[in-house]
Amino acid sequence: MSVAALNRDTAFQARSLFRSLLRTSSQFSNYNFREYARRKTRDMFREHQNETQERRIQELMQEGLQSLRQLKRQTIISQFYQLDKLVVEGQETGKETGGQGGIVRQKDTGYVSPNLA
């Protein structure tokens, strides 16, 4: 196998790992964890994008695979502790009343007594 083919394979594996990390990080239920994982993934890949030593590239790939396993485990755990979405996430809450630009009714998250219902 030529050096160029080896570099192509390594580049393909790195892009594949990058996409997998981003895809997995988008599965966090918590906005802050989700954005942190995306930002950290992008920053780490940008930091090492000009790496040329094959040994160092393989070490970084192994670290990336380890991070991917950890992210998968953490995303599964985060599904057990889901909270309401934040305002910055752009979720529609409640039903819109009135016409265009009407008031949006927020859903009630408090406890409703059966006597009051």
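Reading guide: rules and limits
Residues numbered from 1 in each chain as written. Predicted model: local features only at pLDDT ≥ 70, side-chain atom pairs only at ≥ 80, totals over all residues. Heavy atoms only, no water. UniProt positions renumbered as here; feature names shortened; annotations may be inferred. Patch = residues over 30% accessible without salt bridge, like charges linked within 9 Å, V, L, I, M, F, W, Y side chains within 5 Å. Areas by Shrake-Rupley, 256 points an atom, 1.4 Å probe, with all protein chains shown as cover. Salt bridge = Lys/Arg side-chain N within 4 Å of Asp/Glu carboxyl O. Helix = DSSP H or I, 4+ residues; strand = E, 2+ residues; numbered from the N terminus. Buried < 20%, exposed > 50% of the residue type's maximum accessible area, 1.4 Å probe, protein only.

The name given to the protein chain in an unreviewed UniProt entry is Complex 1 LYR protein domain-containing protein, with Penicillium citrinum as the source organism. The record held by UniProt for the protein chain lists under Sequence similarities (unreviewed entry) the comment "Belongs to the complex I LYR family."

## Some words on a nonpolar patch on the surface
A cluster of nonpolar side chains, namely I76, I77, F80 and Y81, defines an oily patch on the protein surface of about 500 Å² accessible area. Within the element layout of this structure, Y81 appears in the segment after α3 (54-78).

## Comments concerning the pattern of salt bridges
A side chain of one charge can pair with a side chain of the opposite charge when the charged atoms of the two come close. A full pass over the atoms with the stated rule returns 3 salt bridges. Taking the shortest distance from any N to any O, the salt bridge between R55 and E59 comes out at 3.9 Å. Of this pair, R55 and E59 both sit in helix α3, 4 residues apart, which is roughly one turn of the helix. You can call R55 exposed: its relative accessible area is 67%. Here E59 ties to R56 by a salt bridge, and the two come within 3.4 Å at their closest N and O atoms. Here E59 pairs with R56, and both are found in helix α3, just 3 residues apart, close to one helical turn. Among the residues examined, E59 registers a relative accessible area of 36% and is labelled partly exposed. Salt bridges sharing common partners tie together R55, R56 and E59.

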